[in-house]
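Chain residues, written in single-letter form:
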Amino acid sequence: MNLHEYQGKEILSSFGVRIQRGIVAQNAQEAVAAAKQLTAETGTGWHVIKAQIHAGGRGKGGGVKLAKNLQEVEEIAGQIIGMNLITPQTSAEGKKVHQVLVAEDVYYPGDSETSEFYISVLLNRSTGRNMIMYSTEGGMDIETVAEETPHLIFTEEIDPAVGIMPFQARRVAFNLGLSGTAFKEMTKFVTSLYTAYVKSDASLFEINPVLKTSDDKIMAVDAKVTIDDNALYRHKDYTDLRDLREENPIEVEAKEVGLNYVDLDGNVGCMVNGAGLAMATMDLIKQAGGEPANFLDVGGTADAARVEAAFKIILKDPAVKAILINIFGGIVRCDRVAQGVIDAYKNMGDINVPIIVRLQGTNADIAKELIDNSGLDVLSATEFQEAADKVQQVLA
Ligand code: GDP
Ligand code: MN
């Protein structure tokens, strides 16, 4: 589950990680009220207005702006809310902004220069351990840093049995070139950040930038937080944080009807039972020269109602030019699936893309006969390769 910046910051703060403070607002009036409250609480005179969407690079797209008075807060918030924000991380159409975070300005002048760092916490899959990845090049696109100046990216791997050790937190602060108060602040920041990562069952924390203020405080100015869906049952208070407006609408709908669906870029819709067979089917489609439009596992009960629900979900994607149904009848009998496909097809009425059905297993022969005699525009196959050839045929 991906979170908005303001939600990620709330989680960080709940574990004692220092953050740039802010209040979320749904419209320009709320933004002004939020700015007044922040001034009362923090003494800040300036405010940053930040678009809340599930994508980074907002600053580059005009989604992060500094407001120097309440009138500017109102103007900027009014302009950002409702805009279609296009950033290097969104699609070409961009993402609609529904809310902004009004945050205190933390780049105020003072005794020393401000500096921006990059710190993330994530799982190193090759060692099976969590690691802290960090760089002096904060505020920049980390992929560019990795490409052009890889020696400026450091990692610190954490032993799960003992957690983050004080010497490790000190090494991070040292490599970031800090000393004095800022050094001590950074060791506290890194330690609490790592603890927050583990305790919240996150799969990614990316804080870019982490800011050293002009008075040597270390804080999270941005927060990209992803919580592991498989651990959400342990965090009932996090489930409300899901913002369905930010997720793929077809995937959300599929989840509601209990289908395991992942939207992809191709043109061949897939309806398959079992995740393994679904993966193999996607490979098959690629081999036949097509590109899968989705991953869809209908699960064990491929009856007419479920097949119909699956058809509806697959056909929501306008890119779909053909549908391959690939069902193995082990527990479920192929003839029942075939009947389900025929019933669903008749019910839907307006399926205008070719359908290839491959049914294999119990009663496969009866199933093929049912499909062939149905009078519907459905091609049947029993062998995997045969199905692939037919996909190629209809796409040609
Ligand atoms: P992103 O562009 O989506 O990564 O959004 P960020 O939250 O990282 O903000 C983008 C940039 O806005 C940061 O790198 C900062 O340079 C700038 N910024 C954020 N907060 C403040 C602030 O309080 N004052 C000023 N002057 N700039 C800020
Ligand atoms: Mn950022």
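Treat the numbers as computed from the prediction; the structure is a model and nothing was measured.

Caption draft 1: Just the pattern of salt bridges, in detail. The tally for this structure, following the rule as stated, stands at 20 salt bridges. In this structure, Glu-5 and Lys-50 form a salt bridge, with 2.7 Å as the shortest nitrogen-oxygen distance. Of the two residues, Glu-5 sits in helix H1 (residues 5–14) while Lys-50 sits in strand S2 (residues 47–51), which places them 45 residues apart along the sequence. Look at Glu-5 and you get buried, because its relative accessible area is 4%.

Caption draft 2: View of a nonpolar patch on the surface. Judged by side-chain polarity, Val-162, Met-165 and Phe-167 come together as a nonpolar surface patch covering roughly 260 Å² of accessible area. Assignment of secondary structure puts Phe-167 in helix H5 (residues 166–175). Classification of Phe-167 as partly exposed rests on a relative accessible area of 41%.

Caption draft 3: The arrangement of the site of ligand 1 in detail. The immediate surroundings of ligand 1 are formed by 17 residues, with Lys-50, Arg-58, Gly-59, Asp-105 and Val-106 found nearest. Within the side chain of Gln-20, an N or O atom sits 3.0 Å from an oxygen atom of ligand 1. Between ligand 1 and the protein, one listed contact pairs an oxygen atom with a side-chain N or O atom of Lys-50 at 2.6 Å. When isolated, ligand 1 has an accessible area of 560 Å², and the protein chains bury 80% of it. Here the residues of the shell around ligand 1 are counted per class, giving six nonpolar, five polar and six charged.

Caption draft 4: Molecular detail of the coordination of the manganese ion (ligand 2). Coordination sphere of the manganese ion (ligand 2), protein contribution only: Asn-208 (O) and Asp-222 (OD), at 2.2 Å. Residue Asn-208 is located in strand S10 (residues 202–212), and its partner Asp-222 is located in the loop between strand S11 (218–220) and strand S12 (224–227); the two are separated by 14 residues in the primary sequence.

Caption draft 5: How the structure looks around the nonpolar core. Ile-119 and Met-186 are the most contacted members of the largest nonpolar core, which totals 39 residues. Going through the elements one at a time, H1, strand S7 (115–124), strand S8 (129–135), H5, helix H6 (180–199), S10, S11 and S12 are the ones with two or more residues in this core. Among the elements that make up this core, the one with the highest residue count is H6 (nine residues). Aside from chain neighbours lying at most four places away, what touches Met-186 is Phe-117, Ile-119, Ala-173, Leu-176, Leu-178, Val-210 and Ile-218. Leu-259, Tyr-261, Val-307 and Ala-338 belong to the second-largest nonpolar core, a separate cluster that totals 36 residues.

Caption draft 6: Examining the pairing of S8 more closely. The element S8 is extensively covered by neighbouring structure, given that six of its seven residues are classed as buried. Two strands pair when backbone bridges link them, and S7 and S8 are joined in this way by seven bridges, in the antiparallel orientation. Directly across from Ile-119, in S8, lies its bridge partner Tyr-134. Both S8 and strand S9 (residues 153–157) contribute to a ladder of five bridges, which runs antiparallel. Counted as the bridge partner of Met-131 is Glu-157 from S9.

Caption draft 7: Layout of the environment of Leu-370. Considering the arrangement of structural elements, one finds Leu-370 in helix H11 (residues 364–372). Leu-370 gets classed as partly exposed once you look at its relative accessible area, which sits at 28%. Ignoring any residue separated from it by four or fewer positions in sequence, one finds Leu-370 in contact with Asp-335, Ala-338, Gln-339 and Ile-342.

Caption draft 8: Representation of the UniProt feature "binding site: ATP" (unreviewed entry) in the protein within the structure. As recorded in UniProt, the feature "binding site: ATP" (unreviewed entry) lies at Lys-50, Gly-57, Arg-58, Gly-59, Val-106 and Glu-116. Along the chain, the position of Val-106 falls in the loop between strand S6 (100–104) and S7. Contacts of Val-106, omitting those with residues within four sequence positions, involve Gln-20, Leu-211, Thr-213, Met-219 and Val-221.

Caption draft 9: Representation of the packing of aromatic side chains in the model. All told, the structure shown has three aromatic pairs when counted by the stated rule. For the pair Tyr-134 and Phe-154, a centre-to-centre distance of 5.2 Å together with 25° between the ring planes defines the contact as stacked. Of this pair, Tyr-134 sits in strand S8 while Phe-154 sits in strand S9; the two residues are 20 residues apart in sequence, bridging distant segments of the chain. When its relative accessible area of 0% is taken as the criterion, Tyr-134 is described as buried. For Phe-154, a relative accessible area of 25% corresponds to the partly exposed category. By the ring-pair criterion, three or more aromatic residues cluster together here, those being Tyr-194, Tyr-197 and Phe-205. Sitting over the ring of Trp-46, Lys-68 keeps its end group 4.7 Å from the ring centre. Here the basic side chain of Arg-358 rests over the ring of Phe-384, its NZ or CZ set 4.9 Å away from the ring centre.

Rules of the game
- Residues numbered from 1 in each chain as written.
- Chains lettered and ligands numbered in written order.
- Predicted model: local features only at pLDDT ≥ 70, side-chain atom pairs only at ≥ 80, totals over all residues.
- Heavy atoms only, no water.
- Salt bridge = Lys/Arg side-chain N within 4 Å of Asp/Glu carboxyl O.
- Helix = DSSP H or I, 4+ residues; strand = E, 2+ residues; numbered from the N terminus.
- Buried < 20%, exposed > 50% of the residue type's maximum accessible area, 1.4 Å probe, protein only.
- Patch = residues over 30% accessible without salt bridge, like charges linked within 9 Å, V, L, I, M, F, W, Y side chains within 5 Å.
- Areas by Shrake-Rupley, 256 points an atom, 1.4 Å probe, with all protein chains shown as cover.
- Near = heavy atom within 4 Å.
- Polar contact = N/O pair within 3.5 Å; in protein donor to acceptor, adjacent residues only side chain to side chain.
- Nonpolar A, V, L, I, M, F, W, Y, C, P; charged D, E, K, R; others polar.
- Donors = N, O, S within 2.8 Å, 3.2 Å for Na, K, Ca; no water.
- Core = buried A, V, L, I, M, F, W, Y, C linked by side-chain atoms within 4.5 Å.
- Contact = heavy atoms within 4.5 Å.
- Pairing = 2+ DSSP bridges.
- UniProt positions renumbered as here; feature names shortened; annotations may be inferred.
- Phe/Tyr/Trp six-rings, centres within 6.5 Å; stacked < 30°, edge-to-face > 60°.
- Lys NZ or Arg CZ within 6 Å of the ring centre and 35° of its normal.

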